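Observations on chain architecture
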Amino acid sequence: MNTRAMALTLVMLAGTACAPAFAAAACDDPEHRAFDFWLGDWVVTKPDGKQVGVNHITAEYDGCVLHERYEAASGYRGESLNIYDAGRKVWHQTWVDNAGLLLRLEGGLREGSMVLEGQTTGADGQVTLHRITWTPRANGSVRQLWQSTDKDGVWQVVFDGRYEKRP
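Residues numbered from 1 in each chain as written. Predicted model: local features only at pLDDT ≥ 70, side-chain atom pairs only at ≥ 80, totals over all residues. Heavy atoms only, no water.

**Points about the pairing of strand 5 (residues 90-97)**
Applicable threshold: To sort residues, take the accessible area from a 1.4 Å probe on protein chains only and compare it with the maximum for the residue type: under 20% means buried, over 50% means exposed, and anything in between is partly exposed. Going along the chain from the N terminus, every DSSP run of H or I of four or more residues is numbered as a helix, and every run of E of two or more is numbered as a strand. Any two strands between which DSSP finds at least two bridges are classified as paired.
The element strand 5 is extensively covered by neighbouring structure, given that six of its eight residues are classed as buried. Pairing between strand 4 (residues 77-85) and strand 5: eight bridges, direction antiparallel. Across the sheet, D85 pairs through a bridge with V90, a residue of strand 5. Connecting strand 4 to the antiparallel partner strand 5 that follows it, the hairpin turn spans four residues, and K89 within it adopts a positive phi of roughly 55°. As paired elements, strand 5 and strand 6 (residues 102-110) share six bridges and run antiparallel to each other. Across the sheet, residue W95 finds its bridge partner in strand 6, namely L103.

**Looking at the pairing of strand 10 (residues 155-165)**
The pairing of strand 1 (residues 40-45) with strand 10 spans four bridges and is antiparallel. Its bridge partner lying in strand 10, W42 is registered against K165. The sheet contact formed by strand 9 (residues 142-149) and strand 10 spans eight bridges and is antiparallel. Bridging from a neighbouring strand, Q147 pairs with V157 of strand 10. Hairpin geometry of strand 9 and strand 10 is characterised by an intervening segment of five residues between the two adjacent antiparallel strands and by a positive phi of about 85° at G153.

**Remarks on the packing of aromatic side chains**
Formally: We call Phe, Tyr and Trp rings a pair once their centres come within 6.5 Å, taking the six-membered ring for Trp, and we label the pair stacked below 30 degrees between planes, edge-to-face above 60, and tilted otherwise. Charges are assigned to positions over rings by a cutoff of 6 Å between ring centre and Lys NZ or Arg CZ, combined with an angular limit of 35 degrees from the ring normal.
Under the definition given, this model contains 10 aromatic pairs. Pairing F35 with W91 gives two aromatic rings, centres 5.6 Å apart and planes at 85°, and the pair type is edge-to-face. Note that F35 is positioned in the loop between helix 1 (3-23) and strand 1 and W91 in strand 5, a separation of 56 residues in sequence. Residue F35 shares its accessibility class with W91, and that shared class is buried. Ring pairs connect the aromatic residues F35, F37, W38, W42, Y84, W91, W134 and Y163, which therefore count as one cluster. Between the NZ or CZ atom of R131 and the centre of the ring of W155, over which it lies, the distance is 4.1 Å.

**Considerations on the sheet that holds strand 7 (residues 113-121)**
Selection criterion: Here an angle of 0 to 180 degrees is reported between the N-to-C directions of two axes, which are lines fitted to C-alpha atoms, with helices fitted over the stretch in contact.
Read around the closed barrel, 10 strands run 1-2-3-4-5-6-7-8-9-10, paired in antiparallel fashion. Going from strand to strand, the sheet's axes swing by 25° on average, the running direction of each strand aside.

**Description of the pattern of salt bridges**
The cut-off we apply is this: Take a side-chain nitrogen of Lys or Arg and a carboxyl oxygen of Asp or Glu: if they are within 4 Å of each other, that pair is a salt bridge.
Evaluation of the coordinates by the stated rule reveals nine salt bridges. Salt-bridge contacts for R88 lead to D85; the nearest nitrogen and oxygen are separated by 2.7 Å. Judged by its relative accessible area of 27%, D85 is partly exposed. Between K151 and D152 there is a salt bridge, and its shortest N-O distance comes to 3.6 Å. Here the two residues K151 and D152 agree in accessibility, since each one is exposed. One network of salt bridges, in which partners are shared, links D85, R88 and E106.

**Overview of the state of the cysteines**
Quick note on the threshold: Note on terminology: disulfide denotes any pair of cysteine sulfur atoms within 2.5 Å.
According to the stated counting rule, one finds one disulfide in the structure shown. C27 shares a disulfide with C64; S-S distance 2.0 Å. Disulfide C27-C64: torsion about the S-S bond near 95°, hence right-handed. In this pair, C27 sits in the loop between helix 1 and strand 1 while C64 sits in the loop between strand 2 (51-60) and strand 3 (65-72), placing the two residues 37 residues apart along the sequence. For the pair C27 and C64, one class covers both residues: buried.

Given below as structure tokens:
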């Protein structure tokens, strides 16, 4: 057997040996399903009903990751990866967009809403705190409220959106 074939065989055997460890880490516990209310294809509107974008949220990697893809009518686009970190017992989101924003948030369920918080640091060194709250509604819609602090540390509403399932 040549060296290349032997290496390929070893890689395949190593993958097989690790498979049971991955199977045991299935993400079907209730904590992993806490954000499933956000899954789907959505039309996103402001409180006045004006459409501002569309959002597509899928479960990937055997249901362990929620992948969000957002697109606004203005051309703004972004996406996030969301996962429950069982070791730390916390939900984590990493958001990136075409405006150069990297936003890392963490948190979990609070009174039926998913609440994730984090901070960004501007080029000028200014630290801004962020809190995003997703609240499922009885009619199947979801409200997303994004708040952040201004230069004086006062919380302001950045975005207040309603998610309605696409027809």
